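# An overview of the molecular structure
Now for the letters of each chain:
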Amino acid sequence: MTGNVGITRLWPAPTATSLDDEELIALYPRGQGPRLRMNFVASIDGAVEVEGHSEGLSGKPDKRVFGLLRMLCDALVVGAGTLRHEGYRAVRLNEPRRAWRREQGLAEYPTLVVVSLALNLDPESAVFADAPVRPVVLTSAHATAPAGLADVAELVRVGDDRVDLTAGLAELHRRGHRQLLCEGGPHLFGSLTAADLVDEVCLTVAPLVTGPGAGRITAGPTTELRGMALRHVLTVQDSLMLRYTRA
């Protein structure tokens, strides 16, 4: 599906040779029931960005897993701020990954789901205009949509003065989007955690120390402590790739 970057497993059952795509897919299984998987990259000292963007923390190994996780999900969830700030484009997959999805009985492309309270979105941006599958926007009942947005995306209103994430995810499940991948940003991660909706966290630790200034991968409301269980530790080029699920 893609050129291999030499990812090996440290734990459990260390591997001496690099993992191929099928072996990696087995390490990130689709759940039997609804699942929300978070995927983030951070520096050793906890920064979520370098010079304002997460791109500065990512490398080929991280992007390889990033692409596979997109292939595995039914829908890709992202906050509107992250969509704008990181310059998201239409969610597309190459032919081998589309073929894999067809073989699994999945739609060729995952559906993009944008979470937006203010609906400060540009309907002419490529993420909407070039989308192979009509995106969904989770918003509130009273948000005013800009002209043309309803032409390129489906607006799903959940909550009156806020986006009710519990209701929003339930609606996605009802539509068949049961395996959800969320790429942030930090405030959406914090809100999902506060609502106890996060089932899995995939975290790449980049071999960088950035110093103070940058935020963390989560932000927003205070939440209760929640235990997570470590499922695997992968390594490549001094980076660590960690996968945690609900304890």
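Not measured: the values here are computed from a predicted model. (Residues numbered from 1 in each chain as written. Predicted model: local features only at pLDDT ≥ 70, side-chain atom pairs only at ≥ 80, totals over all residues. Heavy atoms only, no water.)

What the protein contains, in helices and strands, is 8 helices and 10 strands. For 247 residues, the compact-globule estimate of 2.2 N^0.38 gives 18 Å, and the protein sits close to it at 18 Å. The dimensions of the protein, computed from C-alpha atoms along their principal axes, are 55 × 45 × 35 Å. Per-residue burial for the protein yields a buried fraction of 47% across its 247 residues. Sequence-distant contacts, at least 24 apart, represent 68% of the contacts inside the protein between residues at least 6 apart. Put simply, the protein shows about 11800 Å² of open surface, and 51% of that area lies on carbon and sulfur atoms. Positive and negative side-chain charges of the protein, numbering 26 and 29 respectively, have mean locations separated by a distance of 4 Å. (Helix = DSSP H or I, 4+ residues; strand = E, 2+ residues; numbered from the N terminus. Rg over C-alpha atoms; globule rule 2.2 N^0.38 Å. Buried < 20%, exposed > 50% of the residue type's maximum accessible area, 1.4 Å probe, protein only. Contact = heavy atoms within 4.5 Å. Areas by Shrake-Rupley, 256 points an atom, 1.4 Å probe, with all protein chains shown as cover. Lys, Arg positive; Asp, Glu negative; His and termini not counted. Charge placed at Lys NZ, Arg CZ, Asp CG, Glu CD.)

On to the pattern of salt bridges. A side chain of one charge can pair with a side chain of the opposite charge if their charged atoms are brought near each other. Taken as a whole and judged by the stated rule, the model has 16 salt bridges. If you follow the salt bridges from partner to partner, you end up with Arg35, Arg37, Glu200 and Arg243 in one network. (Salt bridge = Lys/Arg side-chain N within 4 Å of Asp/Glu carboxyl O.)

This part takes up the UniProt feature "domain: Bacterial bifunctional deaminase-reductase C-terminal" (unreviewed entry) in the protein. On the UniProt side, "domain: Bacterial bifunctional deaminase-reductase C-terminal" (unreviewed entry) is annotated at positions that read residues 35-232 here. Between the C-alpha atoms that bound residues 35-232 the distance is 18 Å, and the span itself is 28% helix and 22% strand. (UniProt positions renumbered as here; feature names shortened; annotations may be inferred.)

What follows is about a nonpolar patch on the surface. A grouping of Leu10, Trp11, Leu230 and Leu240 is seen on the molecular surface, where their side chains present a nonpolar patch of about 340 Å² in accessible area. Mapped onto the elements, Trp11 comes out in strand S1 (residues 8-11). For Trp11, a relative accessible area of 43% translates into the label partly exposed. (Patch = residues over 30% accessible without salt bridge, like charges linked within 9 Å, V, L, I, M, F, W, Y side chains within 5 Å.)

Another aspect to go through is unusual backbone geometry. Note that the residue after Trp11, namely Pro12, is joined by a cis bond; omega there is -15°. Within the secondary structure, Pro12 is located in the loop between S1 and helix H1 (21-27). Of note, the amide linkage connecting Gly184 to Gly185 takes the cis form, showing an omega dihedral of 10°. Assignment of secondary structure puts Gly185 in the loop between strand S7 (179-182) and helix H8 (186-194). Here Asp196, not a glycine, exhibits a phi torsion of approximately 55°, which is positive. A relative accessible area of 37% places Asp196 in the partly exposed class.

Another aspect to go through is the sheet that holds S1. One open sheet holds the 10 strands; their spatial order is S1-S9-S10-S8-S2-S7-S3-S4-S5-S6, and the pairing between them is mixed. The open sheet has two edge strands with one neighbour each: S1 and strand S6 (154-157). Strand-to-strand, the axes of this sheet are offset by a mean angle of 25°, without reference to chain direction. The sheet contact formed by strand S8 (residues 200-206) and strand S10 (residues 239-246) spans 6 bridges and is antiparallel. What sits directly across from Val205, in S10, is Leu240. On the sheet, helix H2 (residues 60-72) packs against strand S2 (35-43), strand S3 (75-79), S7, S8, strand S9 (228-236) and S10 and is oriented at approximately 170° with respect to S2. (Pairing = 2+ DSSP bridges. Axes fitted to C-alpha atoms, helices over the stretch in contact; angles between N-to-C directions.)

With 36 residues, the main nonpolar core has Tyr28, Leu83, Val114, Leu121 and Phe128 as its most contacted residues. Elements represented by at least two residues in this core include exactly H1, H2, S3, helix H3 (80-85), strand S4 (111-115), helix H5 (126-129) and S9. Look past the residues within four positions of Val114 in its chain and what remains in contact with it is Val78, Gly79, Ala80, Leu83, Leu121, Phe128, Val136, Val137 and Leu138. Counting residues in hydrophobic clusters, the runner-up holds 30 residues, among them Met38, Leu138, Val163 and Val205. (Core = buried A, V, L, I, M, F, W, Y, C linked by side-chain atoms within 4.5 Å.)

Together, Asp20, Glu22, Glu23 and Glu103 line one region of the surface with negative charge. Tracing the chain through its elements places Glu103 in helix H4 (residues 95-103).

The subject of this paragraph is H8. Taken together, the buried positions of H8 are occupied by Leu188, Phe189, Gly190, Leu192 and Thr193. Contacts made by the buried residues of H8 are with S2, S3, S4, helix H7 (165-174), S7 and S8. Positive backbone phi, approximately 55°, marks Asp196, located one or two places after H8.

This part is about H7. For H7, the set of buried residues is Leu165, Gly168, Leu169, Glu171 and Leu172. Axial view of H7: buried residues confined to an arc of 155°, hence all on one face. (Arc of directions from axis to C-beta.)

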